[in-house]
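If you want the building blocks of each chain, they are given just below.
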Amino acid sequence: MTDPTVHDHDPTETQPAILSRRRLIHAAGLGALAAATGPAFAQSTANRPSPPTTVTSPPRDFSRQGAPTTYFWDPDVIALDPAFNGLAQPNAAIQRIWTGGLWVEGPAWNAQGRYLVWSDIPRNRQMRWIEDDGHVSVFRAPSGNSNGNSFDFQGRQLSCEHLNRRVVRYELDGSATVLADSFDGKKLNSPNDIVAHPDGSYWFTDPPYGGQLYEGAPDAPGGPSNANGKINPRLGQPPGIGLAKRELPTNTYRLDPSGRVELVVPESQVPDPNGLCFSPDFKRLYIASTGKGPGDTGPGGKGDIHVFDVGADNKLSNGRVFSDCMLDGVNCGPDGLRCDVEGNLWASSNAGRNVGYNGVNVFNPAGKLIGRIRLPEVCGNICFGGPKRNRLFMAASQSIYALYLGTQGAGPG
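Residues numbered from 1 in each chain as written. Predicted model: local features only at pLDDT ≥ 70, side-chain atom pairs only at ≥ 80, totals over all residues. Heavy atoms only, no water.

**Things to note about the confidence of the model for the protein chain**
- On average, residues of the protein chain carry a pLDDT of 88, and 86% of them reach 70 or more.
- Counting contacts from residues 1-46, a segment whose pLDDT is below 50, to residues more than four positions away or on other chains yields 31 contacts. (pLDDT = per-residue confidence, 0-100. Contact = heavy atoms within 4.5 Å.)

As structure tokens, then:
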């Protein structure tokens, strides 16, 4: 039986004649109704509110049923500085390649298999889009309510699991290895995003967002995300889940190749860390700081991006705010981060109900905003992919969007 949420099926591809007749009949019916009701019908439809759109005129349909993009430069790809002109691909349009998720996150590109994998966190599964024919299917279920995914330099998938409060690696032989589930003898909160370093280490963030009913499991009664104990965190969960309480601050860690977990950025420097990435030369580490999670009693992030210099000994220094992510008085809350080969930082934007500010913001290495990609949904995470790594994949709320670029992403997927 086909799951209708898995495929964004376009019925016009298989039943053009039938659909055309149906549309004609439907249009004729509407015309007759309008003629019968006269001005009253026209007035009622004129006052009906339109759904929000990132393009004011004409309203844009991102689905495959929508009209083709006839612009030479996509109207939702916006250059704020001439430097962005060489990064965008003028004759490429934003495409919605799949929809039907609940909250999609963690897109990662597998170069050898030529497929995109991402998490649908509330559904506790990972999905896969195959580039050859655009086929989408369930890739891994259950997934431990995984959030961020990535591939290391050996092509192994890395996943951050909210539910199990751990980081796992899927080996090339199909087995799975738990890389980290604790620090200093205490259980991790809910690892969020992860990146690989050429020295064999993995760096990951650990905010508290997995302590929600929607994206994982709340704390056991008395824990920060279940202080009054009224929520039963064990309902619907496998044995052993729902017994832990959050014990750690929201930190950023380095997992040494030896298996040792090291604290690299404490909560006092970057509270509620989320997305992270290295510069192409691995001499900089960028970290997005987001808002407070469930039961978070710490300082809470301000929706900005921080940057650190990375020394030869992997020690971080000169921590500073890279961007406050404010645009026209709107906080474009950053989440997933990726760098291109020129060192520009691409950051997903969650501006909430501020329609027109959700999508992706692009900064040059000095922190200047040089370009934007507007999406009709909140964007949670991004990655570069495609055989040439010149396609930006954007996990945005319920959908996956893609856009060809004039540059390439740095580092593995």
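Once you've had a look at it, read on.
**So, the environment of E131**
- Tracing the chain through its elements places E131 in the loop between strand 5 (125-130) and strand 6 (136-140).
- With near-sequence residues (within four places) excluded, E131 lies in contact with W109, R114 and P387.
- A polar side-chain atom of E131 sits 2.9 Å from a polar atom in the side chain of R114. (Helix = DSSP H or I, 4+ residues; strand = E, 2+ residues; numbered from the N terminus. Polar contact = N/O pair within 3.5 Å; in protein donor to acceptor, adjacent residues only side chain to side chain.)

**Points about the state of the cysteines**
- Within this structure, the stated rule accounts for zero disulfides.
- No disulfide involves C332; its sulfur sits 7.3 Å from the nearest other cysteine sulfur, which is in C325.
- Residue classification places C332 among the buried positions, given a relative accessible area of 1%.
- Note on C339: no disulfide assigned, nearest cysteine sulfur contributed by C277 at a separation of 4.0 Å. (Disulfide = S-S within 2.5 Å. Buried < 20%, exposed > 50% of the residue type's maximum accessible area, 1.4 Å probe, protein only.)

**Examining the environment of V360**
- Relative to the assigned elements, V360 resides in strand 25 (residues 359-363).
- Exposure remark for V360: the relative accessible area of 1% places this residue in the buried category.
- C-alpha of V360 to C-alpha of A347: the two residues are 13 residues apart in sequence and 5.5 Å apart in space.
- The contact partners of V360, leaving out residues within four places of it in the chain, are W346, A347, S348, S349, G371, R372, I373, C379, I382, L392 and M394.

**Structural notes on the nonpolar core**
- Counting 22 residues, the largest nonpolar core has W346, V360, I373, L392 and M394 as the members making the most contacts within it.
- Sorting the residues of this core by element identifies strand 25, strand 26 (369-374), strand 27 (381-385), strand 28 (391-396) and strand 29 (399-404) as the ones contributing at least two each.
- Considering every element that reaches this core, the biggest residue donor is strand 28, with three residues.
- In this view, L392 contacts W346, V360, I373, I382, C383, F384, Y401, A402, L403 and L405; residues no more than four positions away in its chain are not counted. (Core = buried A, V, L, I, M, F, W, Y, C linked by side-chain atoms within 4.5 Å.)

**Considerations on the sheet that holds strand 2 (residues 95-99)**
- One open sheet holds the four strands; their spatial order is 2-29-28-27, and the pairing between them is antiparallel. In the strand order of this sheet, the two ends are held by strand 2 and strand 27, each with one partner. Within this sheet the neighbouring strands show an average axis-to-axis angle of 25 degrees, counted without direction.
- Bridging between strand 2 and strand 29 involves four bridges; their strand directions are antiparallel. Looking across to strand 29, one finds that Q95 is bridged to A402. (Pairing = 2+ DSSP bridges. Axes fitted to C-alpha atoms, helices over the stretch in contact; angles between N-to-C directions.)

**Examining the sheet that holds strand 14 (residues 202-206)**
- If you walk across this open sheet you meet the four strands as 13-14-15-16, and the pairing is antiparallel. At either end of the open sheet lies a strand with only one pairing partner, and these are strand 13 (194-196) and strand 16 (261-265). On average, adjacent strands in this sheet sit at an angle of 25 degrees to one another, irrespective of strand direction.
- Two elements, strand 15 (residues 251-255) and strand 16, share four bridges in a ladder whose sense is antiparallel. Note that in strand 16 the partner of R254 across the bridge is E262.

**Remarks on the packing of aromatic side chains**
- Across all of its chains, the model carries 15 aromatic pairs by this definition.
- Arranged with centres 5.2 Å apart and planes meeting at 85 degrees, the rings of W203 and F278 form a pair that is edge-to-face. Of the two residues, W203 sits in strand 14 while F278 sits in strand 17 (residues 273-278), which places them 75 residues apart along the sequence.
- According to the relative accessible area criterion, W203 is buried, its value standing at 0%.
- Through a chain of ring-to-ring contacts, three or more aromatic side chains come together here, namely F153, W203, F278 and F282.
- When the ring centre of Y115 is taken as reference, the NZ or CZ atom of R128 above it lies at 5.3 Å.
- Here R140 stacks its cationic end above the ring of Y170, 3.4 Å away from the centre of that ring. (Phe/Tyr/Trp six-rings, centres within 6.5 Å; stacked < 30°, edge-to-face > 60°. Lys NZ or Arg CZ within 6 Å of the ring centre and 35° of its normal.)

**Focus on the pairing of strand 24 (residues 345-350)**
- Along strand 24, five of the six residues are buried, which leaves the element largely enclosed by surrounding structure.
- As paired strands, strand 23 (residues 333-339) and strand 24 are joined by five bridges and run antiparallel to one another. Within strand 24, the residue paired with R338 across the bridge is W346.
- The turn linking strand 23 back onto strand 24 is made up of five residues, and G343 within it adopts a positive phi angle of 95 degrees.

**Quick notes on the pattern of salt bridges**
- With the rule as written, the count across this model stands at 15 salt bridges.
- When the shortest N-O distance is used, the salt bridge between R260 and D256 registers 4.0 Å.
- Using a relative accessible area of 45% as the deciding quantity, one classes R260 as partly exposed.
- Residues participating in the shared-partner salt-bridge network are D199, R254, D256, R260 and E262. (Salt bridge = Lys/Arg side-chain N within 4 Å of Asp/Glu carboxyl O.)

**A closer look at unusual backbone geometry**
- Look at the link from A141 to P142: it is a cis peptide, with omega at -5 degrees.
- Within the secondary structure layout, P142 lies in the loop between strand 6 and strand 7 (146-151).
- A positive phi angle, close to 55 degrees, is found at R165, a residue other than glycine.
- As for its placement among the helices and strands, R165 is situated in the loop between strand 8 (157-161) and strand 9 (166-170).
- The exposure class of R165 is buried, given its relative accessible area of 7%.
- Even without a glycine there, the phi angle at F282 is positive, about 60 degrees.

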